Amino acid sequence: MLDIRYIREHAEEVQKKSEQKGYKVDVKHLLKLDSSRRELSAKIETLRKKRNEHAATLKQGKPTEEQLTEGRELKNQLSKLEDEFTVLDKEFLVELKKVPNMPLADVPVGASEDENVITKTVGEPTKFDFEPKNHNEIGVAKGWIDKERAAKVAGSRFAYVKGDLVKLQRAVVDWAIDVMTDEVVIKKIVEQNGLRVSTKPFTPVMPPAVIKTDVYEATGRLNAEETTYKLADDEIWLNASAEHSMCPMYMDEILPEAELPIRYIAYSTSFRREAGTYGKDMEGIFRLHQFDKLEAESFTTAETGLEEHKLMVAIQEYLIQQLKLPYRVVQKCTYDIGGPNATGVDIDCWLPGQNKYRETHTADYITDFQARSLQTRVRLKNGDVELVHTNDATVLSMRPLIAIIENNQDKDGNVAVPEVLRPYMGGKTKI
């Protein structure tokens, strides 16, 4: 949630940048509600003071009928104003929550993902002396992917993932967790990228797979119409990504600065409705309703939040480089970064089976947008209390597995296991 004081002082900018992100907001109406709300709040406080003073006089002796009548009138007036305030405050909060986070100054302005900016390309697209298959063709032939039987059991966009593909997925998870919990590796990444952040490693965690409605709304991530499944008999939603249940972990808490940064690598099964058709994306395991995801989440001070975001991207690049996958780094434009984000970076890996780069990782810098709604704060060393800043980033989903399969295939449909994963695959060099 954006600070209403910032909106008051930068009304035109907030209106303009909200529109640049593709959000329909009416800042003038919001500020009108804000003004009415403050005026009504002042009236309530004045009336409460008057009521308290009147109540004090009643205690000084036997009250007259006139005093009792006045007391009842004050009570009724106050009750009426409080009811009005409740209605007005609810409308105000609805409008306030429509306002997205403001993009940082260097985020390119764009009206679609086509206006995202490629900032770096690493490696050349993999070349073959045969026509490469896509991951679904390889997976079905190998018996790794069975969507037909899954459709009988659960419906479309679910899959039975089997055999060596399960082992490969577990290998990547175990390897990635080992990397991110190793302070020596984190220090190496920090130094290689000239970052001014702590070398503290990440702590692995398995978060809840469900989130309460009010908490999910406070994260700014609840998209009920498009992506999120709700449990029918409860005010609980299935997690659409691991960071969704990680960012509210410290809601209503004040953390000591000495504990920051707090860094987690969270592993969770995630669920997304994703209504609509996506052509080739419907094949294989590229876009499923259920998938496992390894996600990084961190809590920092405002001073170190942006550098933490850069660390997240650097870690993603390190992991992809170790897997020896061709990739590019993409700075997302205003339209594509998302409501809670101040900036966002995608990493696209080369998929030979599609003959194009496709998004496999994303990193989001949220500033204090989530923390304001969740009231997650930090007590600084000087005693001041401020909102924390949050970051999240993809470490692993099903998509990097697709990139591994397609970039390491041979003409016989076998897949070479990346060197860094071989110790986690019992020494296998090929599957």
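Quick note: structure is the one above.
The present account deals with the structure reproduced in this document. The residue numbering used here restarts from 1 in each chain and proceeds along that chain's sequence as written. Under the rules for a predicted model, residues below a pLDDT of 70 receive no local features and side-chain atom pairs below 80 are neither given nor counted, while totals for whole chains, interfaces and linings still include all residues. Remark: hydrogens and water are excluded; side-chain values derive from all non-hydrogen atoms of the structure.

1. Considering the pattern of salt bridges
Part 1 of the reasoning: For salt bridges, the criterion is a side-chain nitrogen of Lys or Arg within 4 Å of an Asp or Glu carboxyl oxygen. Under the defined criterion, the tally for this structure stands at 27 salt bridges.
Part 2 of the reasoning: For Glu308, the salt bridge is made with Arg263, and the minimal N-O distance between the two is 2.8 Å. Within this pair, whereas Glu308 is found in helix α11 (residues 305–322), its partner Arg263 is found in strand β8 (residues 262–271), the two being separated by 45 residues in sequence.
Part 3 of the reasoning: For every residue, the accessible area obtained with a 1.4 Å probe (protein chains only) is divided by the maximum for its type, and the residue is called buried under 20%, exposed over 50%, and partly exposed between those limits. With relative accessibility at 1%, the residue Glu308 sits in the buried group.
Part 4 of the reasoning: Between Lys332 and Asp346 there is a salt bridge, with its nearest N and O atoms 3.5 Å apart. Here Asp346 lies in strand β11 (residues 343–351) and Lys332 lies in the loop between β10 (327–331) and β11, a separation of 14 residues in the sequence. Put simply, DSSP H or I for four residues or longer makes a helix, DSSP E for two residues or longer makes a strand, and each gets a number counted from the N terminus.

2. Looking at the packing of helix α7 (residues 163–180) against α11
The description of two packed helices rests on the angle between their axes and on the distance between the axes.
Part 1 of the reasoning: The interhelical angle for the contact between α7 and α11, taken along N-to-C directions, is 130°, at an axis separation of 12 Å. By the angle between their directions, the pair α7 and α11 is classed as oblique. Where α7 crosses over α11, the handedness of that crossing is right-handed. Contacts between α7 and α11 involve Trp175, Val179 and Met180 from the first element and Ile315, Tyr318, Leu319 and Gln322 from the second. Axis lines are fitted through C-alpha atoms, for helices just across the contact stretch, and the angle between N-to-C directions can take any value from 0 to 180 degrees. Angles are sorted into four bins: roughly parallel if under 35 degrees, roughly antiparallel if over 145, roughly perpendicular if 65 to 115, and oblique for all others. Handedness of a helix crossing follows the sense of rotation of the near helix relative to the far helix, less than a right angle counterclockwise being left-handed and clockwise being right-handed. A contact between two residues is defined here by any heavy atoms of the two lying within 4.5 Å.

3. Thoughts on the sheet that holds strand β13 (residues 377–379)
Paired through backbone hydrogen bonds, the strands of a sheet run either parallel or antiparallel to each other.
Part 1 of the reasoning: In this analysis, strands are considered paired if DSSP registers two or more bridges between them. Taken in spatial order, the three strands make up an open sheet running β7-β13-β14, and their pairing is mixed. The open sheet is flanked by β7 (254–256) and β14 (385–387), the only strands paired with a single partner. If you compare each strand with its neighbour and ignore which way they point, the axes differ by 35° on average.
Part 2 of the reasoning: For β13 and β14, the ladder comprises three bridges, and the chain directions are antiparallel. For Val378, the partnering residue across the bridge sits in β14 and is Glu386.

4. Comments concerning α7
Note: α-helices contain 3.6 residues per turn, so residues at a spacing of three or four share the same orientation.
Part 1 of the reasoning: By this rule the span expected of a helix is its residue count minus one, scaled by 1.5 Å. Given a rise of 1.5 Å per residue, 18 residues ought to cover 26 Å, and the 26 Å separating the end C-alpha atoms of α7 matches this to within 8%.
Part 2 of the reasoning: All of the buried residues in α7 are Asp164, Leu165, Leu168, Gln169, Ala171, Val172, Val173, Trp175, Ala176, Ile177, Val179 and Met180.

5. Quick word on the sheet that holds strand β9 (residues 290–300)
Part 1 of the reasoning: Taken in spatial order, the eight strands of this open sheet run β1-β10-β11-β12-β15-β9-β8-β4, and their pairing is mixed. Where the open sheet ends on each side, the last strands, each with one partner, are β1 (117–122) and β4 (203–205). Taking the axes of each pair of neighbouring strands and ignoring which way they run, one obtains an average angle of 25° across the sheet.
Part 2 of the reasoning: Lying over the sheet, helix α13 (residues 398–407) contacts β9, β11, β12 (356–367) and β15 (389–396), oriented at roughly 30° with respect to β11.

6. Things to note about the packing of aromatic side chains
Pairs of aromatic rings are described using the distance from one ring centre to the other and the angle between the two planes.
Part 1 of the reasoning: Note on aromatic contacts: the rings of Phe and Tyr and the six-membered ring of Trp form a pair at centre separations within 6.5 Å, being stacked when their planes are under 30 degrees apart, edge-to-face when over 60 apart, and tilted otherwise. Applying the stated criterion to the full structure yields three aromatic pairs.
Part 2 of the reasoning: Aromatic pair Tyr250 and Phe299: ring centres 5.2 Å apart, planes at 90°, arrangement edge-to-face. Placement of the pair is Tyr250 in the loop between α10 (242–246) and β7 and Phe299 in strand β9, with a sequence separation of 49 residues.
Part 3 of the reasoning: Given a relative accessible area of 0%, Phe299 falls into the buried group.

7. Quick look at unusual backbone geometry
Part 1 of the reasoning: Put simply, Leu260 and Pro261 share a cis peptide bond, and its omega is 0°.
Part 2 of the reasoning: With respect to the helices, strands and loops of the structure, Pro261 is situated in the loop between β7 and β8.
Part 3 of the reasoning: Phi at Lys324 takes a positive value of approximately 60°, unusual for a residue other than glycine.
Part 4 of the reasoning: Within the secondary structure, Lys324 sits in the loop between α11 and β10.
Part 5 of the reasoning: One non-glycine residue, Asn355, lies in positive phi territory at about 55°.
Part 6 of the reasoning: Mapping Asn355 onto the fold places it in the loop between β11 and β12.
Part 7 of the reasoning: On the basis of relative accessible area, Asn355 is assigned to the exposed category, the value being 58%.

8. Overview of the environment of Val395
Part 1 of the reasoning: You can see Val395 is positioned in strand β15.
Part 2 of the reasoning: When the C-alpha atoms of Val395 and Ala176 are compared, they prove to be 7.5 Å apart, with 219 residues separating the residues in sequence.
Part 3 of the reasoning: Among all residues touching Val395, those that are not within four sequence positions of it are Ala176, Met180, Ile265, Leu294, Glu295, Ala296, Leu319 and His361.

9. Remarks on a negative patch on the surface
Part 1 of the reasoning: Residues Asp174, Asp178, Asp182 and Glu183 make up a contiguous surface patch of negative charge.
Part 2 of the reasoning: Its place among the elements puts Glu183 in helix α8 (residues 183–192).
Part 3 of the reasoning: By relative accessible area, Glu183 is classed as partly exposed at 41%. Excluding any residue in a salt bridge, patches collect residues exceeding 30% relative accessible area, merging like charges within 9 Å and nonpolar Val, Leu, Ile, Met, Phe, Trp and Tyr side chains within 5 Å. The method behind every accessible area is Shrake-Rupley, applied with a 1.4 Å probe, and residues are considered shielded solely by the protein chains displayed. The positive count covers Lys and Arg only, the negative count covers Asp and Glu only, and His and the chain ends enter neither. Taken as the charge location is NZ of Lys, CZ of Arg, CG of Asp or CD of Glu.

10. Things to note about the side chain of Thr362
Part 1 of the reasoning: Within the secondary structure, Thr362 is located in strand β12.
Part 2 of the reasoning: Relative accessible area serves as the criterion here: at 16%, Thr362 is assigned to the buried category.
Part 3 of the reasoning: From its side chain, Thr362 meets the backbone oxygen of Val345 in a polar contact 3.4 Å long. Residues adjacent in sequence count toward polar contacts only when both atoms are side-chain atoms; beyond that, a polar contact is any pair of N or O atoms within 3.5 Å, and within protein one must be able to donate a hydrogen and the other to accept it.

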